[in-house]
Amino acid sequence: GDSVTQMEGPVTLSEEAFLTINCTYTATGYPSLFWYVQYPGEGLQLLLKATKADDKGSNKGFEATYRKETTSFHLEKGSVQVSDSAVYFCALRDTGGFKTIFGAGTRLFVKA
Amino acid sequence: EAQVTQNPRYLITVTGKKLTVTCSQNMNHEYMSWYRQDPGLGLRQIYYSMNVEVTDKGDVPEGYKVSRKEKRNFPLILESPSPNQTSLYFCASTQAKGINEKLFFGSGTQLSVL
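Anyway, here's the lowdown on the structure attached to this text. (Residues numbered from 1 in each chain as written. Chains lettered and ligands numbered in written order. Predicted model: local features only at pLDDT ≥ 70, side-chain atom pairs only at ≥ 80, totals over all residues. Heavy atoms only, no water.)

## Things to note about the interface of chain B and chain A
What counts, and what does not: Residue contacts follow a heavy-atom distance rule, with two residues in contact if any of their heavy atoms lie within 4.5 Å. Buried area: the accessible area, evaluated with a 1.4 Å probe, that two parts lose upon being put together, summed over both parts. Salt bridges are counted wherever a side-chain nitrogen of Lys or Arg sits within 4 Å of a carboxyl oxygen of Asp or Glu. Only DSSP runs of H or I covering at least 4 residues are called helices, and only runs of E covering at least 2 are called strands; the numbering of each starts at the N terminus.
Between chain B and chain A, the residue contacts involve 25 residues of the former and 24 residues of the latter. For the pair chain B and chain A, the summed buried area comes to about 1,800 Å², and 54% of that belongs to carbon and sulfur atoms. Here chain B is connected to chain A by 0 salt bridges. Within the residue set of the side of chain B that touches chain A, elements represented by two or more residues are strand 4 (31-38), strand 5 (42-51) and strand 9 (87-94) of chain B. Sort the elements by how many residues they give to the side of chain B that touches chain A and strand 5 of chain B lands first, with 4 residues.

## Re the nonpolar core
The cut-off we apply is this: What we call a nonpolar core is a set of buried Ala, Val, Leu, Ile, Met, Phe, Trp, Tyr and Cys residues that are connected through their side-chain atoms within 4.5 Å. With a 1.4 Å probe rolled over the protein chains alone, any residue whose accessible area is under 20% of its type maximum counts as buried; one over 50% counts as exposed, and the rest are partly exposed.
The biggest cluster of nonpolar side chains holds 27 residues, and the ones touching the most others in it are A:Leu19, A:Trp35, A:Leu47, A:Leu48, A:Phe73, A:Leu75 and A:Tyr88. Counting residues per element, the ones that place at least two in this core are strand 2 (11-14), strand 3 (19-21), strand 4 (23-26), strand 5 (32-38), strand 6 (44-50), strand 8 (62-65), strand 10 (86-93) and strand 12 (106-111) of chain A. Excluding residues within four positions of it along the chain, A:Leu48 makes contact with A:Leu33, A:Phe34, A:Trp35, A:Gly57, A:Ser58, A:Asn59, A:Phe62, A:Glu63, A:Ala64, A:Phe73 and A:Leu75. Counting residues in hydrophobic clusters, the runner-up holds 19 residues, among them B:Leu19, B:Met27, B:Ile46 and B:Phe74.

## Quick look at the sheet that holds strand 7 (residues 65-66) of chain B
Residues and elements named next belong to chain B. Basically, it comes down to this: Being paired, for any two strands, means DSSP has found at least two bridges between them.
If you walk across this open sheet you meet the 4 strands as 1-3-8-7, and the pairing is antiparallel. On the outer flanks of this sheet lie strand 1 (4-7) and strand 7, each paired with one strand and no other. Relative to strand 8 (residues 76-78), strand 7 is paired through 2 bridges, and the arrangement is antiparallel. When the sheet's bridge partners are listed, Val66 is paired in strand 8 with Leu76.

## A few points about the state of the cysteines
All names here are of chain B. To keep things clear, this is the line we draw: When two cysteine sulfur atoms lie within 2.5 Å, the pair is treated as a disulfide.
Applying the stated criterion to the full structure yields 2 disulfides over all chains. The side chain of Cys23 participates in a disulfide bridge whose partner is Cys91; the two sulfur atoms lie 1.9 Å from each other. What sets the handedness of the Cys23 and Cys91 disulfide is the S-S torsion sign, and at about -75° it is left-handed. Here the residue Cys23 occupies a position in strand 3 (residues 19-25), and Cys91 occupies one in strand 9, the gap between them amounting to 68 residues. The class for Cys23 is buried, based on a relative accessible area of 3%.

Now the structure itself:
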């Protein structure tokens, strides 16, 4: 079945450092790919998405490119801030369009 | 404001005492779903519903029930809770059609079963 694998955390960075969180997926067909973010005490909210191969999703300085050849959707940000501290989830929505499958989540700590 | 509302936010109960977690959305979404979040496991789907009176099992349905009598509401029922159901629960909704549609999440319900 479809699945999503993310790098384990926690990831601890200093402010203004470069961030990469790796995500790879297994799916039949052509899923849509998402990154969700969960701030402390809150539900998940969409950070960015990409719906087809080579699409780049971007939001709030974060970017991720849908790479079909490597089945990856790595999250990057050039300069993290303390306010980026959160848990990040990679997810895919299957071709049928009904089910969203999540990775285990990666916790990010950013130190001032 | 578009939102998914879950209640209660926190719940402590004892083994075997039936409980219901409510979920309501105001976006006229057809699709609603329940997830549980456990450390190291991410979010796992419990049940989902594609419309009124249409529900189906997710990946971890054992010990849970749901109903969808109205489009806006999708309660999660634990008829006889056990300690292994201690978890953080999220309700989510989206338009049923559209592979590109994002999920809207509630704020979560932290359940402890003693």
